[in-house]
Amino acid sequence: MKFIMTIVMCSYYQGVCLAPYTFPQSYDSMYDCLLDGYKKSHEKIEEIGRKEINNHGIYLKFDCKVATQT
């Protein structure tokens, strides 16, 4: 079973979220997907920076789902 990860960036203050982004790679397990989701979220938060995060109430959320067969 393979898993895919989708991440969404939102603003708490404005009450809106950007369109979800689904990463092109798949993961062999839920565990691997979750670990990478937290890692990618952490990296994006650092990239955006403290000032922008605080000014706009930015937060990230991600989800790992079973990849559909094509």
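Residues numbered from 1 in each chain as written. Predicted model: local features only at pLDDT ≥ 70, side-chain atom pairs only at ≥ 80, totals over all residues. Heavy atoms only, no water.

**Brief notes about the layout of surface pockets**
Point 1. Its boundaries defined by the atoms lining it, the largest pocket holds a volume of some 170 Å³.
Point 2. Taken together, Ile7, Val8, Met9, Leu18, Ala19, Tyr21, Phe23, Lys40, Lys44 and Leu60 make up the lining of the largest pocket.
Point 3. Of all the elements in the fold, those that place two or more residues in the lining of the largest pocket are strand E1 (3–11) and helix H1 (30–48).
Point 4. When its residues are assigned to classes, the lining of the largest pocket shows 8 nonpolar, no polar and 2 charged. (1 Å grid on protein atoms, 1.4 Å probe; cavity = no way out; pocket = protein on both sides within 12 Å on 5 of 7 lines; lining within 4 Å. Points joined across faces, edges and corners; volume = space filled by probe spheres on them. Helix = DSSP H or I, 4+ residues; strand = E, 2+ residues; numbered from the N terminus. Nonpolar A, V, L, I, M, F, W, Y, C, P; charged D, E, K, R; others polar.)

**Regarding the side chain of Ser41**
Point 1. Position of Ser41 among the secondary structure elements: in helix H1.
Point 2. By relative accessible area, which is 8% here, Ser41 ends up buried.
Point 3. Apart from residues lying up to four places away in sequence, Ser41 is in contact with Ile7, Leu60 and Phe62. (Buried < 20%, exposed > 50% of the residue type's maximum accessible area, 1.4 Å probe, protein only. Contact = heavy atoms within 4.5 Å.)

**Thoughts on the state of the cysteines**
Disulfide: a covalent bond connecting the sulfur atoms of a pair of cysteines.
Point 1. Overall, the coordinates contain 2 disulfides when judged by the stated rule.
Point 2. Here Cys10 connects covalently by a disulfide to Cys17, the sulfurs 2.0 Å from one another. Its torsion about the S-S bond being 100°, the disulfide of Cys10 and Cys17 is classed as right-handed.
Point 3. At a sulfur-sulfur separation of 2.1 Å, the disulfide partner of Cys33 is Cys64. Sign of the S-S torsion, about -95° for the bond between Cys33 and Cys64, identifies this disulfide as left-handed. With Cys33 in helix H1 and Cys64 in strand E4 (residues 58–66), this residue pair connects regions lying 31 residues apart in the sequence.
Point 4. The class for Cys33 is buried, based on a relative accessible area of 0%.
Point 5. Assessed through its relative accessible area of 8%, Cys64 is described here as buried.
Point 6. Should the bonded cysteines of the chain be numbered as they appear in the sequence, the pairing reads 1-2, 3-4. (Disulfide = S-S within 2.5 Å.)

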